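Each chain, letter by letter, is given below.
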Amino acid sequence: LRLLQEQIIPHFLYNTLDTIVWLIESDSTDEAVDMVVSLSQFFRLVLSHGAEYISIREEEQHVRSYLKIQQARYHDILDYEIDIDSAIYPYKILKLTLQPLVENALYHGIKYKRAMGKITITGRMQERRIVLTVQDNGVGMEPEKLAHLRREIERPCKDTEGGFGLANVNERIRMYFGDYYGMQIDSVQGQGTTVTVSIPALQTPPKDERM
């Protein structure tokens, strides 16, 4: 988790602060204020008083803050939709499960499309499992690249040659919940990529951990 946070936070913070400065210099003060609020919410949920588990509602708020910031930066290419069933809000999820998947969709799917793209996040209960998807309509992957990425996320994240954020999420899910759970990646070149995460439906963290 610390490795993942160290990967996400520095460049994201620097880029966001640069955007805030640009908005202020452009007299777009309302937009700058909105971005500062989103940034504050993002970091409050990243820290979460040191907790590894947060509610799915909080995870949604976290990824929504991230997307609001990124949409301000990439307003010409990024649209998004979040459709998570409120019935699963109370259930627990490992912190920083969705954000790395959304980041991957943006930087490896949407940006390379060089046109308006969309990221769609969904969440549902399925037979006592919670299934979350992050789907983009970006450039997608050819079969060989998809097969390579699937192999990479099965390896310990410290040994991966690429896809560190995805491998980290997959490794953490299996470490805490078992090999029955984890991540599946599907992609079609020219159409986009879908990452599906399954976790057990738990309203209290395993091992009786508390927030």
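Given the structure is predicted, the values throughout are model-derived calculations rather than measurements.

For the rest of this paragraph, the subject is the pairing of strand 7 (residues 192-200). Two faces belong to every sheet, and in a regular strand the side chains alternate between them. When you tally the buried positions in strand 7, you get eight out of nine residues, the bulk of the element. Strand direction decides the pairing type here: strand 6 (residues 182-188) and strand 7, joined by seven bridges, are antiparallel. Residue pairing for strand 7: Ile185 is matched across the bridge by Val195. Linking two consecutive strands that pair antiparallel, namely strand 6 and strand 7, is a turn of three residues; a positive phi of about 85° is found at Gly190 within it.

With that out of the way, let us pick up the nonpolar core. Note that soluble globular proteins tend to have their nonpolar side chains buried in a common cluster. Ile84, Ile119, Ile121, Met183 and Ile185 are the most contacted members of the largest nonpolar core, which has 55 residues in total. The leading source of residues in this core is helix 4 (residues 98-110), at seven residues.

Bringing the packing of aromatic side chains into the picture now. A complete count under the given rule lists five aromatic pairs for this structure. Ring centres 5.7 Å apart and planes at 85° place the aromatic pair Tyr53 and Tyr176 in the edge-to-face group. Within this pair, whereas Tyr53 is found in strand 1 (residues 53-55), its partner Tyr176 is found in helix 6 (residues 164-177), the two being separated by 123 residues in sequence. Exposure remark for Tyr176: the relative accessible area of 22% places this residue in the partly exposed category. When the centroid spacing of 5.0 Å and the interplanar angle of 85° are considered together, the rings of Tyr180 and Tyr181 count as edge-to-face.

Another aspect to go through is helix 5 (residues 143-153). Three or more residues of helix 5 are buried, namely Leu146, Leu149, Glu152 and Ile153. For helix 5, the arc enclosing every buried residue in end-on projection is 120°, short of the 170-degree limit, so these residues lie on one face. Set apart from the buried face of helix 5 by more than 90 degrees, the exposed residues are Pro143, Glu144 and Arg151. Here the buried face of helix 5 lies against helix 6 and strand 6.

With that settled, consider the sheet that holds strand 5 (residues 129-136). Read across the sheet, five strands follow the order 2-4-5-7-6 without closing on themselves; strand pairing throughout is mixed. Both outer strands of the open sheet, strand 2 (78-84) and strand 6, are each paired with one neighbouring strand and no more. The average angle at which neighbouring strand axes cross in this sheet is 10°, direction not considered. Those strands touched by helix 6 are strand 6 and strand 7, and its axis lies near 145° from that of strand 6.

Before going further, it helps to spend a moment on the packing of helix 5 against helix 6. Following both chains from N to C, one finds helix 5 and helix 6 inclined at 45°, their axes separated by 8 Å at the closest point. Here helix 6 runs oblique to helix 5, going by the angle between their axes. Note on element contacts: helix 6 touches helix 5 through Leu166, Ala167 and Asn170, opposite Leu149, Glu152 and Ile153. Grouping the constituent residues of the contact of helix 5 with helix 6 by class yields four nonpolar, one polar and one charged.

Here is what the cut-offs are and how they apply
- Residues numbered from 1 in each chain as written.
- Predicted model: local features only at pLDDT ≥ 70, side-chain atom pairs only at ≥ 80, totals over all residues.
- Heavy atoms only, no water.
- Buried < 20%, exposed > 50% of the residue type's maximum accessible area, 1.4 Å probe, protein only.
- Helix = DSSP H or I, 4+ residues; strand = E, 2+ residues; numbered from the N terminus.
- Pairing = 2+ DSSP bridges.
- Core = buried A, V, L, I, M, F, W, Y, C linked by side-chain atoms within 4.5 Å.
- Phe/Tyr/Trp six-rings, centres within 6.5 Å; stacked < 30°, edge-to-face > 60°.
- Arc of directions from axis to C-beta.
- Contact = heavy atoms within 4.5 Å.
- Axes fitted to C-alpha atoms, helices over the stretch in contact; angles between N-to-C directions.
- Parallel < 35°, antiparallel > 145°, perpendicular 65-115°, else oblique.
- Nonpolar A, V, L, I, M, F, W, Y, C, P; charged D, E, K, R; others polar.

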